[in-house]
Amino acid sequence: MPFTYDEDGLLCADGHPTSELAQKFGTPLYVYSADGFLAHLAAFQQAVAPVNGKVHFAVKANANLALLSLMAQQGAGADIVSGGEMQRALAAGIAPQDIVFSGVGKTDDEIRLALAKNIGQINAESPEEIKHIEAIASEWGLKAPVAIRVNPDIDAKSHEKISTGQKSTKFGIPIATGEAEAVYDYIHNSPHLVARGLAVHIGSQLTDLAPFKAAYQTLIALADGFRAKGYDVPILDLGGGLGIDYHGEETPDFAAYGALVSSLFSGLDYQLGFEPGRSIAADNGILLTSALYTKASEEKDFIIVDAAMNDLLRPTLYEAYHRIEPIQQSNRAKRLSDIVGPVCETGDYLARGRDFPSVESGEVVAVFNAGAYGSVMASNYNTRAMPAEILIHQGEVHLIKPRKTIEDLLNDEHNPFAE
Ligand code: LLP
């Protein structure tokens with residue numbers, strides 16, 4: 001557990017008092033435990049080792065170069081969804097062959113970049129995309145390695161904005177209508193495409209294994225059918241999606257997920273790929289924020305902190321729950337409270353309706369499980385500089401993303417009308 005309270009009730013990050021980290025680097029501040037990331041990655045790798053699974057970390061969950069480099073050194077590849085993430089993964093030292101390019105809307109430039117860099121696999125999501133990849137490969141006299149992401153029409157039973165497996169979503173090529181098969185026929189017959197296999201990702205923050213099982217069984221049936229037609233289907237990419245416990249401190253049940261995968265795929269001759277993001281990253285990051293004011297109302301207190309929706313969007317966007325605690329434990333009385341940021345929107349909150357101890361101005365509180373989809377979704381809304389990010393690796397604290405100054409933000413723009 002990277003984030004624990006010491007005997008004096010002070011929250012420490014890999015042994016470092018968070019009060020000192022907040023003091024030194026300022027707030028809002030993302031704090032990551034590299035050892036935690038690598039331990040979760042190892043647990044995932046171990047869980048899928050019996051079926052020889054290869055992990056491609058979903059860069060979108062936490063894109064920090066330092067973290068990507070450390071994970072690459074431990075054998076992780078990358079699942080990417082943009083040319084930007086590709087350049088990031090390559091800059092972090094991830095081998096091109098260990099990169100899988102997902103996403104419904106790859107531009108021609110991104111496809112060119114993928115082919116120029118010789119990345120391992122493009123997961124295509126529509127017949128039109130396949131035509132674009134083929135045209136570029138043909139122009140360059142290459143054979144592009146493509147897998148297709150299928151839509152199995154399965155409800156992941158997660159939040160609707162992060163469920164991706166139903167036919168009503170924009171994701172994947174439908175199986176039921178025969179389109180997936182028609183597209184695979186096309187790839188098989190194209191001189192400029194190499195069929196690498198099938199991919200499925202039905203959503204994120206799945207807390208039940210049943211939808212995974214249904215999706216994977218559907219994928220096996222489809223792949224076996226394609227093989228029976230004489231097609232090459234070397235790889236099955238099983239996506240990400242394993243959920244975490246935002247309420248407690250339980251680590252994801254990698255072993256149960258691994259057992260499910262082993263039960264379905266043992267003895268089948270497929271190379272398996274996995275794209276976990278949240279399950280590796282979320283537990284291993286916190287967001288430290290300082291209380292500014294407490295504003296009492298009849299019903300409840302508003303605890304106004306210096307982190308806002310621009311720093312951690314999940315509560316606003318998905319009504320997501322994140323555990324929040326003062327970094328100093330105590331026996332203070334609790335009041336019904338909303339923990340809110342300074343941004344000028346009613347939707348700007350980190351938590352609502354919590355029983356929360358009264359905090360003094362300047363006191364630091366920690367938002368837990370913020371290592372995934374935290375900093376990557378931050379913005380400069382309200383011309384707020386995004387949080388700094390630090391990484392603790394084998395006891396040492398590294399500033400891996402300094403906070404920009406407001407001057408930096410202004411300098412990003414060109415104003416032809418300034419006098
Ligand atoms: N593979 C693909 C194709 C994906 O679209 C995703 C996530 C992953 C893998 C990684 O899934 P994970 O293991 O992290 O569940 N911003 C949202 C989550 C969006 C997930 C998008 N796709 C949130 O904060 O909950």
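Treat the numbers as computed from the prediction; the structure is a model and nothing was measured. (Residues numbered from 1 in each chain as written. Predicted model: local features only at pLDDT ≥ 70, side-chain atom pairs only at ≥ 80, totals over all residues. Heavy atoms only, no water.)

Quick look at the pairing of strand β9 (residues 144-151)
Counting buried residues in β9 gives eight out of eight residues, a clear majority hidden from the surface. Neither face of β9 is exposed, since A144, V146, I148 and V150 on one face and P145, A147, R149 and N151 on the opposite face are all buried. For strand β8 (residues 121-124) and β9, the ladder comprises three bridges, and the chain directions are parallel. Following the sheet pairing, N123 is matched in β9 by A147. For the segment spanning β8, helix α6 (residues 127-140) and β9, crossover handedness is right-handed. (Buried < 20%, exposed > 50% of the residue type's maximum accessible area, 1.4 Å probe, protein only. Helix = DSSP H or I, 4+ residues; strand = E, 2+ residues; numbered from the N terminus. Pairing = 2+ DSSP bridges. Right-handed = clockwise from strand over helix to strand, strands pointing away.)

Description of the domain arrangement of the protein
When the domains of the protein are assigned, the result is domain 1 (3-32 + 283-411) and domain 2 (34-282). The straight-line distance from the C-alpha centre of domain 1 to that of domain 2 is 32 Å. Taken together, the 24 residues of domain 1 in the interface contact 31 residues of domain 2. Of the roughly 2300 Å² buried between domain 1 and domain 2, counting both surfaces, carbon and sulfur atoms make up 51%. By the criterion of area lost to domain 2, the three top residues of domain 1 are D283, N284 and Y373, representing 28% of everything that side buries. Taken together, the connections running from domain 1 to domain 2 amount to zero salt bridges. Put simply, domain 1 and domain 2 have 17 residue pairs in polar contact (both at pLDDT 80 or more) between them. Mapped onto the side of domain 1 that touches domain 2, the elements with two or more residues apiece are α11 (314-318), β20 (388-393) and β21 (396-401). For the side of domain 1 that touches domain 2, the element with the most residues is β20, which contributes four residues. Grouping the constituent residues of the side of domain 1 that touches domain 2 by class yields 11 nonpolar, seven polar and six charged. (Domains from an automatic or database assignment. Contact = heavy atoms within 4.5 Å. Buried area = accessible area lost by both parts, 1.4 Å probe. Salt bridge = Lys/Arg side-chain N within 4 Å of Asp/Glu carboxyl O. Polar contact = N/O pair within 3.5 Å; in protein donor to acceptor, adjacent residues only side chain to side chain. Nonpolar A, V, L, I, M, F, W, Y, C, P; charged D, E, K, R; others polar.)

Re the nonpolar core
Core analysis: the largest hydrophobic core is formed by 102 residues, its most contacted members being M71, I148, L198, Y216, L236, L238 and F265. At eight residues, helix α8 (residues 210-228) tops the list of elements feeding residues into this core. In this structure F265 touches V51, Y216, I220, L236, L238 and L272, once residues within four positions along its chain are discounted. Among the nonpolar cores identified, the runner-up in size contains 18 residues, and F3, L10, F25 and I327 belong to it. (Core = buried A, V, L, I, M, F, W, Y, C linked by side-chain atoms within 4.5 Å.)

Section: the packing of aromatic side chains
Pairs of aromatic rings are described using the distance from one ring centre to the other and the angle between the two planes. Throughout the structure, instances matching the rule amount to 12 aromatic pairs. Between the aromatic rings of F212 and Y216, the centroid separation amounts to 5.9 Å while the plane-to-plane angle is 35 degrees, which identifies the pairing as tilted. Separated by four residues within a single helix, F212 and Y216 lie in helix α8, roughly one turn from each other. Every member of this aromatic cluster is reached through a ring pair, and the members are F44, F212, Y216, F254, Y257, F265 and F274. Cation over ring: K131 sits above Y186, and NZ or CZ is 5.3 Å from the ring centre. (Phe/Tyr/Trp six-rings, centres within 6.5 Å; stacked < 30°, edge-to-face > 60°. Lys NZ or Arg CZ within 6 Å of the ring centre and 35° of its normal.)

Notes on the pattern of salt bridges
Under the definition given, this model contains 15 salt bridges. Salt-bridge contacts for K54 lead to D98; the nearest nitrogen and oxygen are separated by 3.6 Å. Of this pair, K54 sits in strand β5 (residues 54-58) while D98 is found in the loop between α4 (83-91) and β7 (99-101), placing the two residues 44 residues apart along the sequence. Under the relative-accessibility criterion, D98 is labelled partly exposed at 26%. Here D338 and K300 are joined by a salt bridge, their closest N and O atoms 2.8 Å apart. A residue pair is termed long-range when its members are at least 10 positions apart, and D338 in strand β17 (residues 334-340) and K300 in the loop between β14 (285-296) and β15 (301-305) qualify at 38 residues. Of the residues examined, D338 reaches a relative accessible area of 5% and is grouped as buried.

Examining the site of the ligand
The environment of the ligand is formed by 19 residues, the closest being S204, E275, R314, Y318 and Y373. Contacts to the ligand include D79, whose side-chain N or O atom sits 3.4 Å from a nitrogen atom. In the complex, 91% of the free accessible area of the ligand, which totals 590 Å², lies under the protein chains. Here the residues of the shell around the ligand sort into six nonpolar, seven polar and six charged. Per-domain counts for the shell around the ligand show at least three residues from each of domain 1 (3-32 + 283-411) and domain 2 (34-282). (Near = heavy atom within 4 Å. Areas by Shrake-Rupley, 256 points an atom, 1.4 Å probe, with all protein chains shown as cover.)

Considering the sheet that holds strand β2 (residues 11-13)
In space, the three strands of this open sheet follow the order β1-β2-β3, with antiparallel pairing throughout. Two strands in the sheet have a free side with no partner beyond their single neighbour: β1 (3-5) and β3 (16-17).

Some thoughts on unusual backbone geometry
The linkage connecting T27 with the following residue, P28, adopts the cis geometry, with an omega of -5 degrees. Phi is positive for Q205, close to 60 degrees, though the residue is something other than glycine. Note that Q205 resides in the loop between β11 (193-199) and α8. You can call Q205 buried: its relative accessible area is 14%.

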